[in-house]
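Chain by chain, the residues run as shown.
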Amino acid sequence: MPNCLICRTPIEPFISFGKMPIANGFLNPEEFPHEHFFDLQVGFCSQCKMVQLTELVEQEKMFHGNYAFFSSTSSRMAEHFRRLADTVKREYLGPDPFVVEIGSNDGIMLQNFAQAGIRHLGIEPSANVAEVARQKGIRTISEFFNEDLARRIVAEYGQADAFMGANVVCHIPYLHSVVAGVKILLKPKGLMIFEDPYLGDIVAKTSYDQVYDEHAFYFSVMSVSYLVAQHGLEIIDVQPQTVHGGSMRYFIGHKGAHPIKPMVAAQLAKEEAMGLQRPETYVRLRENIERSRTDLMKLLRDIKQQGKRVACYAATSKSTTVTNYCGITPDLVEFISDTTPIKQGKYSPGAHIPVKPYEEFKKRYPDYALLFGWNHGEEIMAKEQAFKAAGGKWIVYVPKVQVLE
Ligand code: JHZ
Ligand code: SAH
């Protein structure tokens, strides 16, 4: 049995999704024979309550100079991060402020600090997206964050008022080194502010497509509290977010440095009531995931039999789990429409569904669009009114499989 990455207790997986490729590994046909696969399985640690992958993919195989996810493809996310940056600027910066962000990608958040002339540093190992940020005038280094890098940053720039990370902390298996680095990097009153998809939402909505190679952890307030306490830090506030299908934002400070907001205890009580501390919850989650797969495949096969056309909307990382776990192949869906140039003209990981530019979707609407970017549903549906007006229907599978009439 593998050991918990946080507390070393042996853990057993509660679900196996089978062999999976790299979620963002869009590829060309000549690369099909060499595609990398691993066992995608998730386990729950009954000791420290951390939900996690039990087999990991090397970080260099996922994050490199051809990384396919560019944060700025969503205008709503840009707005979300602008608001977060405004809050940080208003409430959390002291004299001679310094802001560090890990997983800063194409600069979607740090641009707000750079434009305001605030000292900042982005840590972004994927060199191609980091370069886009540099072009915007954002100081960025291409390295993986860990305790050693934290020491080097303090030596060169001093300590930080804010250490930020969105959709990145849950990507890093060696979290003890990260949190030890944060402890060194933060000023006495400094804050670590990060957000990731929330386990409570995954369980409540059966959003199993949050599970893929990059997401090593599925955090709750319980499991994050345990982790940071090992390093003399504590959660002082939590704020639920609607983005990415339900996320949680955590505010963490040095132990005793800040008053703890009542929301922390309230959210912990909610987690207890939901049963996030009990193994049975994950048995039920597995059953719900299996039912979702059965329902989605039945729907797609019925539509196929009626001779209707289905195309997929947004070649998300999440869709790699859906297509490979459910068995969605190019005979069931024609293509995946996506706005990211680096994905276009390639094939989806594992299932090898062609990825086509968004213009293909607009040129000849399918009868049904399978919404792989369901987390951006509002943004997408607002701009696809013409698809609906032309008789097009959306297929969604979170929180349940259904056709939106
Ligand atoms: P989106 C990635 O997940 C990977 P993904 C990562 N592991 C993570 O946690 C989150 O991001 C933050 C396309 N799109 O945001 C563009 C359209 O085509 O759900 C992108 O290819 N049209 C770091 O990949 C993809 O969706 C649109 O109108 O699941 C992004 O998908 C919109 C809004 C997006 O992230
Ligand atoms: N914060 C952005 C980007 C999320 S994508 C957003 O929310 O949209 C996750 C990013 O984290 C990738 O660009 C990846 O290269 C980066 N990353 C992965 N491991 C990292 C590590 N150990 N340290 C810093 N960044 C890392």
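A short tour of the structure in this document, coming up. (Residues numbered from 1 in each chain as written. Chains lettered and ligands numbered in written order. Predicted model: local features only at pLDDT ≥ 70, side-chain atom pairs only at ≥ 80, totals over all residues. Heavy atoms only, no water.)

### Details of the site of ligand 1
Consideration 1: Lining the immediate environment of ligand 1, one finds 24 residues, of which Glu214, Lys318, Lys343, His376 and Lys383 sit closest.
Consideration 2: Ser317 is positioned such that a nitrogen or oxygen atom in its side chain is 2.7 Å from an oxygen atom of ligand 1.
Consideration 3: At 2.7 Å, a side-chain N or O of Lys318 approaches an oxygen atom of ligand 1.
Consideration 4: For ligand 1, whose free accessible area comes to 730 Å², the fraction covered by protein is 96%.
Consideration 5: Sort the elements by how many residues they give to the shell around ligand 1 and helix α13 (residues 377-383) lands first, with three residues.
Consideration 6: Among the residues making up the shell around ligand 1, the classes are represented as seven nonpolar, 11 polar and six charged. (Near = heavy atom within 4 Å. Polar contact = N/O pair within 3.5 Å; in protein donor to acceptor, adjacent residues only side chain to side chain. Areas by Shrake-Rupley, 256 points an atom, 1.4 Å probe, with all protein chains shown as cover. Helix = DSSP H or I, 4+ residues; strand = E, 2+ residues; numbered from the N terminus. Nonpolar A, V, L, I, M, F, W, Y, C, P; charged D, E, K, R; others polar.)

### Description of unusual backbone geometry
Across the chain, the bulk of peptide bonds are trans and the bulk of non-glycine residues have phi less than zero.
Consideration 1: Here the residue pair Val398 and Pro399 is connected by a cis peptide bond, since its omega of 0 degrees sits within 30 degrees of zero.
Consideration 2: By secondary structure assignment, the location of Pro399 is in the loop between β16 (393-396) and β17 (402-404).
Consideration 3: Positive phi outside glycine occurs at Arg8, with the angle close to 70 degrees.
Consideration 4: Positioned with a positive phi, Lys49 is a non-glycine residue whose angle comes to about 70 degrees.
Consideration 5: Within the secondary structure layout, Lys49 lies in the loop between β2 (37-44) and β3 (51-53).

### Considerations on the sheet that holds strand β7 (residues 160-166)
Consideration 1: Pairing is mixed across the open sheet formed by seven strands, whose spatial order is β6-β5-β4-β7-β8-β11-β10. Two strands bound the open sheet, and with one partner strand each, they are β6 (140-141) and β10 (233-241).
Consideration 2: Judged from the five bridges that link them, strand β4 (residues 98-102) and strand β5 (residues 119-123) form a sheet pairing that is parallel. Following the sheet pairing, Phe98 is matched in β5 by Arg119. (Pairing = 2+ DSSP bridges.)

### Describing the site of ligand 2
Consideration 1: Around ligand 2 lies a shell of 19 residues, among which Ser71, Gly103, Glu124, Ser126 and Ala166 are the nearest.
Consideration 2: The contact in question runs from an oxygen atom of ligand 2 to an N or O atom on the side chain of Ser126, over 2.8 Å.
Consideration 3: Protein coverage of the free-state accessible area of ligand 2, which is 580 Å², stands at 98%.
Consideration 4: By residue class, the composition of the shell around ligand 2 is 13 nonpolar, five polar and one charged.

### Quick notes on the pattern of salt bridges
Two side chains bearing opposite charge may form a pair once their charged atoms approach each other closely.
Consideration 1: What the rule picks out here adds up to 23 salt bridges.
Consideration 2: Between Glu131 and Arg134 there is a salt bridge whose closest N-O contact spans 3.0 Å. A residue pair is termed a helical-turn pair when its members lie 3 or 4 positions apart in one helix, as Glu131 and Arg134 do in helix α4 (residues 127-135) at three residues.
Consideration 3: For Arg134, a relative accessible area of 31% puts it in the partly exposed group.
Consideration 4: Among the ionic contacts, a cluster of salt bridges with common partners joins Glu79, Arg82, Arg83, Asp86 and Lys89. (Salt bridge = Lys/Arg side-chain N within 4 Å of Asp/Glu carboxyl O. Buried < 20%, exposed > 50% of the residue type's maximum accessible area, 1.4 Å probe, protein only.)

### A few points about helix α10 (residues 279-305)
Consideration 1: In this model α10 runs 40 Å from its N-terminal to its C-terminal C-alpha over 27 residues, within 8% of the 39 Å that 1.5 Å per residue would give.
Consideration 2: Among all positions in α10, only Thr281, Tyr282, Leu285, Ile289, Ser292, Leu296, Met297, Leu299, Leu300 and Ile303 are buried.
Consideration 3: Among the residues trailing α10, Gly307 stands out with phi positive, at a value near 75 degrees. (Expected span 1.5 Å × (residues − 1).)

### Overview of the packing of aromatic side chains
Consideration 1: Under the counting rule described, the total for this entry stands at 22 aromatic pairs.
Consideration 2: With 5.4 Å between their ring centres and 65 degrees between their planes, Phe63 and Tyr67 make a pair best called edge-to-face.
Consideration 3: Judged by centre distance (5.0 Å) and plane angle (50 degrees), the rings of Phe145 and Phe163 are tilted. One end of the pair, Phe145, is in the loop between β6 and α5 (147-157); the other, Phe163, is in strand β7, with 18 residues separating them in the sequence.
Consideration 4: Joined through ring pairs, the aromatic side chains of Tyr313, Tyr358, Phe361, Tyr365, Phe387 and Trp394 make up one cluster.
Consideration 5: Taking NZ or CZ as reference, Arg293 lies 4.2 Å from the ring centre of Tyr325, over its face. (Phe/Tyr/Trp six-rings, centres within 6.5 Å; stacked < 30°, edge-to-face > 60°. Lys NZ or Arg CZ within 6 Å of the ring centre and 35° of its normal.)

### Some details on the sheet that holds β17
Consideration 1: The six strands lie next to each other as β14-β13-β12-β15-β16-β17, forming an open sheet whose pairing is mixed. Strands at the two margins of the open sheet, each flanked by one partner only, are β14 (355-357) and β17. Between one strand and the next, the sheet's axes are offset by a mean angle of 35 degrees, whatever the strand orientation.
Consideration 2: Here β16 pairs with β17 via three bridges, running antiparallel. Looking at β17, one finds that Ile395 is bridged to Val403. (Axes fitted to C-alpha atoms, helices over the stretch in contact; angles between N-to-C directions.)

Everything listed is a geometric property; what it means functionally is a separate question.
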